[in-house]
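# Coordinate inspection notes
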Amino acid sequence: MNLSEIKAKFQYEKDPSLQERFGSFEKYFEYQQLQLKRQSAWTYGQNISDSIREGVKDWVTGKAIDKANAEARYNAAMQAASAMEKNYEAALSELQTKYRTYGDDTSKYSAELTAYTDLKSSKFDADLEVELARDHFNDANSFYGRISYMG
């Protein structure tokens, strides 16, 4: 006899209503064991449900964080591209001025030509980053909008 059985036996012998209701200790103990199994199954199901609910909540929170990060990345890329555009336009203007002054003699404005070439490449990179950041932000924003009703 295990501890739970001893405890049940004590309860059964002490309570005449249990004796009247079940008629024998075996039936009472079987009923008690079934109740424990039901309670255990309910608790297990509740734990699974809570775990799923928390997992979804964490997932939605992660999507909200991803959206905020994507927006910050997009804004930073736009600012960087705007600054790069200004630098590029200034270098182009300087190069055009030097070209009008010296013509095809690039030795007179090689520094300006190098600066323009470097800025053209950097401008391309900045514009590409804007496109990538915009795509990421649009995806995150669109996806978060579809799931935001859950949170």
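Per chain, residues are indexed from 1 in the order of the written sequence. Two thresholds apply to this predicted model, a pLDDT of at least 70 for residue-level local features and 80 or more for giving and counting side-chain atom pairs, whereas whole-chain, interface and lining totals are computed over all residues. Only hydrogens and water are set aside; all other atoms, that is, all heavy atoms of the structure, feed into the side-chain values.

### A few points about the overall build of the chain
Summing up its helical and strand segments, the chain has four helices and zero strands in all. A run of DSSP states H or I qualifies as a helix once it reaches four residues; a run of E qualifies as a strand once it reaches two. Both are numbered from the N-terminal end. Each helix and strand of the chain, placed in order from N terminus to C terminus, yields the pattern α-α-α-α. The C-alpha radius of gyration of the chain comes to 37 Å, more than 25% above the 15 Å expected for a compact globule of 151 residues. Along the first, second and third principal axes, the C-alpha atoms of the chain reach 115 × 30 × 15 Å. Exposure categories follow from relative accessible area, calculated using a 1.4 Å probe and restricted to protein chains: below 20% of the type maximum is buried, above 50% is exposed, and the middle band is partly exposed. By the burial criterion, 18% of the 151 residues in the chain qualify as buried. Should any heavy atoms of two residues lie within 4.5 Å, those residues are counted as being in contact. By sequence separation, contacts in the chain at least 24 residues apart represent 64% of the contacts at least 6 residues apart. The Shrake-Rupley method, run with a 1.4 Å probe, gives the accessible areas here. Residue values count only the displayed protein chains as cover. When the accessible surface of the chain is summed, it comes to about 11000 Å², and 54% of that surface belongs to carbon and sulfur atoms. Within these notes, the globule rule equals 2.2 Å times the number of residues to the 0.38 power, and the radius of gyration is based on C-alpha atoms.

### Digging into the confidence of the model for the chain
Caution applies to low-pLDDT parts of the model: their predicted coordinates are not meant to be read in detail. Per-residue confidence for the chain gives a mean pLDDT of 89, with 95% of residues at or over 70. A score between 0 and 100, pLDDT records how confident the predictor is in each residue. Within the chain, helix α1 (residues 3-14) has the poorest average pLDDT of any element, 86, and helix α3 (residues 25-102) the best, 92.

### Looking at the pattern of salt bridges
Working definition: two side chains of opposite charge can pair if their charged atoms are close together. When a carboxyl oxygen of Asp or Glu is within 4 Å of a side-chain nitrogen of Lys or Arg, the pair counts as a salt bridge. The final tally for this structure, using the stated rule, is six salt bridges. Its salt-bridge partner being K98, residue E112 comes within 3.6 Å of it at the nearest N-O pair. Here the residue E112 occupies a position in helix α4 (residues 110-147), and K98 occupies one in helix α3, the gap between them amounting to 14 residues. Given the relative accessible area of 18%, E112 is considered buried. Connected via shared salt-bridge partners are E85, K123 and D127.

### Some details on the packing of α1 against α3
Interaxial distance between α1 and α3 falls to 10 Å at its minimum, and their mutual angle equals 125°. Here α3 runs oblique to α1, going by the angle between their axes. Considering how the two elements wind past one another, α1 and α3 form a crossing that is right-handed. Between α1 and α3, the residues in contact are S4, E5, A8, K9, Q11 and Y12 and F25, Y28, F29, Q32 and Q33, respectively. For the contact of α1 with α3, the residue count by class is five nonpolar, four polar and two charged. Between N-to-C directions, angles span 0 to 180 degrees; the directions come from axes that are lines fitted to C-alpha atoms, helices contributing only their stretch in contact. Put simply, angles under 35 degrees are roughly parallel, angles over 145 are roughly antiparallel, angles from 65 to 115 are roughly perpendicular, and the rest are oblique. By convention, the crossing between two helices is left-handed when the near helix turns anticlockwise from the far helix through less than a right angle, and right-handed when the turn is clockwise. Gly counts as polar in this scheme, as do all residues outside two lists: the nonpolar Ala, Val, Leu, Ile, Met, Phe, Trp, Tyr, Cys and Pro, and the charged Asp, Glu, Lys and Arg.

### Some words on the environment of L113
For L113, the location among the structural elements is in helix α4. With a relative accessible area of 32%, L113 lands in the partly exposed category. Taking the C-alpha atoms as reference, L113 lies 8.3 Å from A91; in sequence the two are 22 residues apart. Not counting residues within four places of it along the chain, the set of residues in contact with L113 comprises L95 and T106.

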